[in-house]
Amino acid sequence: MPDGYEKTIEKTKGNLFMEVLYKSTRSDGTPVTASQAILKGLSEDGGLFVPDHIPTLDKSLSELSNMTYKETAYEVMKLFLTDFTEEELKTCIDKAYDSKFDTDVIAPLVEADGVYFLELFHGATIAFKDMALSILPHLLITAAKKNQVKNEIVILTATSGDTGKAALAGFAGVEGTRIIVFYPKNGVSPIQEKQMVTQKGANTHVVGIHGNFDDAQTGVKQLFNDRELAKEMEKAGFQFSSANSINIGRLVPQIVYYVYAYARLLSEGELKEGEKINVVVPTGNFGNILAAYYAKNMGLPIEKLICASNDNKVLYDFFQTGAYDKNREFVLTTSPSMDILISSNLERLIYRIAGNDAGKNTELMNALSGEGKYEITEVMRKELLDFYGNFATESEAGQTIKALFERCGYIIDTHTAVAAAVYGKYKKETKDGTKTVIASTASPFKFTRSVMEAIDPKYSSMEDFELVDELAKLGNISVPNAIEEIRTAQVLHKTVCERNEMKTIVKNFLEIK
Ligand SMILES: *Cc1c(COP(=O)(O)O)cnc(C)c1O
């Protein structure tokens, strides 16, 4: 172990913190600080940064139950981002969780049908990506200052719909940054596309590609690993960073709301201190559920982590069999943000259950990029007992929306519906009566058409914005700002490209010859 690798450092207030450093999942090179990991996004060897240990919550659950969202955010994030000062972190948190959110509690809990829906969609773009992407730009700029970075930061992002807009909203107009977003031209909802292509800000660039999300993500990864391009960028005064969920600056803020949800339930007397909860997460890239797993490992009383997939059920099969196999048909569903066959963040879990063995993990990841599949050992499978995986078909998800609305008058979006449907299967199978939180990842207004058609097929003849008004009436909820804004907004981004043109597009936008 290198000198000072796990040194304890004294913070100004006199508390003793164990410094957390970040290592790549693919090599045993020198670990980097949190701010360096945020700046780099992805490690040079193609690996993901992981904390060298998962810190334990240093406030009791009852102390946490008296805290606001911002206070909770500080308590969680300070444990992971140990090279940020208290002032730096608190400034980032203040700038992120402000009036961009339409409620002071930031992440409200709604009880319906015997479960708690944790509404993570009250930010600027009405999907859970806002929870992390409203703070990432501030973490990134702070990290750049701390590391004397002079280059302009270029955020390169592949999106299955929601990340793109949330990242654009987070970075638009932020000095010292530019952002380029690639999305699958025919793989996002009309409202998602409209949200992105109407984005204002001279530092923003939105490009549709002919291909699916995995194509976009693979293309972006290649650009990140392109040494020649990196040199040209450096010469022109640019460097890449990532706003994708592989950035630990995305992952860490997502841990916060699980801690916050538990603390809220405790303060409202719904839980006894220490009582365990289940968490259900509609999953695509495995970022959100990984954050819940980290929360559990920090000491939050979580029993099962229920991983819900749609028809692209590669994760369900993985939990069933121990074999991850992306060689299958890619299905376009009504929960497009979960239409993913390569769940990037799973690599962090694989690394951990491989005993933090970079060599073993690299072997598996090479098999994934080579043959499109890998299989974990029996010993590794035993480490997955915290997880339960299942999936919901299109019609199961649709029926769940309809049934919940008819029983409780509560309307959920298509992604949350996948989670609720999977939870139904879990309960039926296990009879587990543990109190359960479902991560509600998008506002129903973001997927209005699919949601309304699930409730009643008669809505299929209506126009998109008519449906928006109808949904507001039916659910007795007001139309979010994010939707009002795009009713009349002008399309500002019209570029569409082939998969092999992504590099040219980037160079053109940055005016690199
Ligand atoms: C991104 C997204 C998901 C999937 O989250 P991951 O962290 O990629 O697993 C689920 N639902 C919605 C609405 C999303 O935007």
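The structure under discussion appears in the preceding block.
Everything numeric here is computed off the predicted structure, so don't read it as measured data.

1. What about the pattern of salt bridges?
- Across all of its chains, the model carries 31 salt bridges by this definition.
- Put simply, E75 and K59 hold a salt bridge, and the shortest N to O gap is 3.3 Å. On the criterion of sequence distance, the pair formed by E75 in helix α3 (residues 69–80) and K59 in the loop between β4 (49–51) and α2 (61–64) is long-range, its members being 16 residues apart.
- For E75, a relative accessible area of 10% puts it in the buried group.
- Owing to a relative accessible area of 26%, K59 belongs among the partly exposed residues under this scheme.
- A single network of salt bridges, built from pairs that share partners, joins D58, K59, E75 and K78.

2. Focus: the pairing of strand β5 (residues 109–112)
- Where β5 meets strand β6 (residues 115–119), four bridges bridge the pair, whose relative direction is antiparallel. Considered in β6, the bridge of A112 is made with V115.
- In this structure, the hairpin formed by β5 and β6 is closed by a connection of two residues, where D113 is found at a positive phi of approximately 60 degrees.

3. Looking at the site of the ligand
- Not every one of the 15 residues close to the ligand is listed here, only the nearest: K129, D162, G284, N285 and T441.
- One of the side-chain nitrogen or oxygen atoms of K129 is found 2.5 Å away from an oxygen atom of the ligand.
- Here an oxygen atom of the ligand sits 2.8 Å away from a polar atom, N or O, in the main chain of G284.
- Burial of the ligand by the protein amounts to 98% of the accessible area it has alone, namely 390 Å².
- Of the residues in the shell around the ligand, the class split is five nonpolar, eight polar and two charged.

4. As for the sheet that holds strand β17 (residues 496–497)
- Strand order across the open sheet formed by five strands is β10-β7-β8-β9-β17, with parallel pairing between neighbours. The sheet terminates laterally at β10 (238–242) and β17, the two strands that pair on one side only.
- Relative to β10, strand β7 (residues 152–158) runs parallel, the two being bridged by five bridges. Directly across from L156, in β10, lies its bridge partner S242.
- Across the sheet, helix α9 (residues 213–224) is in contact with β7, β8 (177–184), β9 (204–209) and β10; its angle to β7 comes to roughly 150 degrees.
- Sheet strands touched by helix α10 (residues 227–235): β7 and β10. Its angle to β10, the strand with the most contacts, is close to 125 degrees.

5. Things to note about the nonpolar core
- Formed by 114 residues in total, the largest nonpolar core has its most connected members in Y22, M77, L81, Y258, F286, I350 and Y374.
- When residues in this core are grouped by element, the largest group, 14 residues, is from helix α11 (residues 248–267).
- The residues touching Y374, leaving out its near neighbours within four places in the chain, are F318, G322, A323, Y324, L346, I350, L364, M365, A367 and L368.
- Judged by nonpolar contacts, the second largest core, of 44 residues, contains I126, A397, I401 and A420.

6. Points about the side chain of K78
- Secondary-structure assignment places K78 in helix α3.
- A distance of 3.3 Å separates the side chain of K78 from the side chain of D58, its partner in a polar contact.
- At 2.7 Å, the side chain of K78 forms a polar contact with the side chain of E75.

7. What to know about the packing of α3 against α11
- The N-to-C vectors of α3 and α11 enclose an angle of 130 degrees; their axes lie 9 Å apart at closest approach. With respect to their mutual orientation, α3 and α11 come out oblique. With respect to the hand of their crossing, α3 and α11 are arranged in right-handed fashion. Contact with α3, carried on its side by Y69, T72, A73, V76, M77 and F80, involves V252, P253, I255, V256, Y257, V259 and Y260 of α11 and no other residues of that element.
- Tallied by class, residues from the contact of α3 with α11 come to 12 nonpolar, one polar and no charged.

8. What about the packing of aromatic side chains?
- Scanning the entire structure with this criterion turns up 18 aromatic pairs.
- Note on F286 and F387: the rings are 5.9 Å apart at their centroids and 35 degrees apart in plane angle, and the pair reads as tilted. On the criterion of sequence distance, the pair formed by F286 in the loop between β11 (277–282) and α12 (287–297) and F387 in strand β15 (residues 387–391) is long-range, its members being 101 residues apart. A single burial state applies to F286 and to F387, both of which are buried.
- A centroid spacing of 5.1 Å and a plane angle of 45 degrees characterise the contact between Y316 and F391, whose relative ring orientation is tilted. Taken together, the positions of Y316 in helix α13 (residues 314–321) and F391 in strand β15 put the pair 75 residues apart, joining distant regions of the chain.
- Judged by its relative accessible area of 18%, Y316 is buried.
- Each residue in the set F80, F286, Y293, Y294, F318, F319, Y324, Y374 and F387 is aromatic and connected to the rest through ring pairs, giving one cluster.
- The ring of F509 carries the charged tip of R178 above its face, separated from the ring centre by 6.0 Å.
- The positively charged end of K425 is found above the aromatic ring belonging to F391, 4.8 Å away from the centroid.

9. Structural notes on the sheet that holds β6
- What the six strands build is an open sheet, ordered β5-β6-β16-β11-β12-β15; its pairing is mixed. At either end of the open sheet lies a strand with only one pairing partner, and these are β5 and β15. The sheet shows a mean angle of 25 degrees between the axes of neighbouring strands, direction not considered.
- Strands in contact with α13 are β12 (302–309) and β15; relative to β15, the strand with the most contacts, it is inclined by about 135 degrees.

10. Regarding the packing of α11 against α12
- Where α11 meets α12, the closest approach of the two axes is 8 Å, and the angle between their N-to-C directions is 65 degrees. Read as a crossing pair, α11 and α12 show a hand that is right-handed. Facing α11, whose interface residues are L251, Q254, I255, Y257 and Y258, α12 presents G287, N288, L290, A291, A292, Y294 and A295.
- Tallied by class, residues from the contact of α11 with α12 come to nine nonpolar, three polar and no charged.

11. Brief notes about unusual backbone geometry
- You will see that K431, though not glycine, has its phi angle at about 60 degrees, which is positive.
- Mapping K431 onto the fold places it in the loop between α18 (414–430) and β16 (436–440).
- Given a relative accessible area of 67%, K431 falls into the exposed group.
- For N476, which is not glycine, the phi dihedral falls at a positive 55 degrees.
- Along the polypeptide, N476 turns up in the loop between α20 (464–475) and α21 (481–486).

Parameters at a glance
Residues numbered from 1 in each chain as written. Predicted model: local features only at pLDDT ≥ 70, side-chain atom pairs only at ≥ 80, totals over all residues. Heavy atoms only, no water. Salt bridge = Lys/Arg side-chain N within 4 Å of Asp/Glu carboxyl O. Helix = DSSP H or I, 4+ residues; strand = E, 2+ residues; numbered from the N terminus. Buried < 20%, exposed > 50% of the residue type's maximum accessible area, 1.4 Å probe, protein only. Pairing = 2+ DSSP bridges. Near = heavy atom within 4 Å. Polar contact = N/O pair within 3.5 Å; in protein donor to acceptor, adjacent residues only side chain to side chain. Areas by Shrake-Rupley, 256 points an atom, 1.4 Å probe, with all protein chains shown as cover. Nonpolar A, V, L, I, M, F, W, Y, C, P; charged D, E, K, R; others polar. Contact = heavy atoms within 4.5 Å. Axes fitted to C-alpha atoms, helices over the stretch in contact; angles between N-to-C directions. Core = buried A, V, L, I, M, F, W, Y, C linked by side-chain atoms within 4.5 Å. Parallel < 35°, antiparallel > 145°, perpendicular 65-115°, else oblique. Left-handed = near helix turned anticlockwise from the far one by under 90°. Phe/Tyr/Trp six-rings, centres within 6.5 Å; stacked < 30°, edge-to-face > 60°. Lys NZ or Arg CZ within 6 Å of the ring centre and 35° of its normal.

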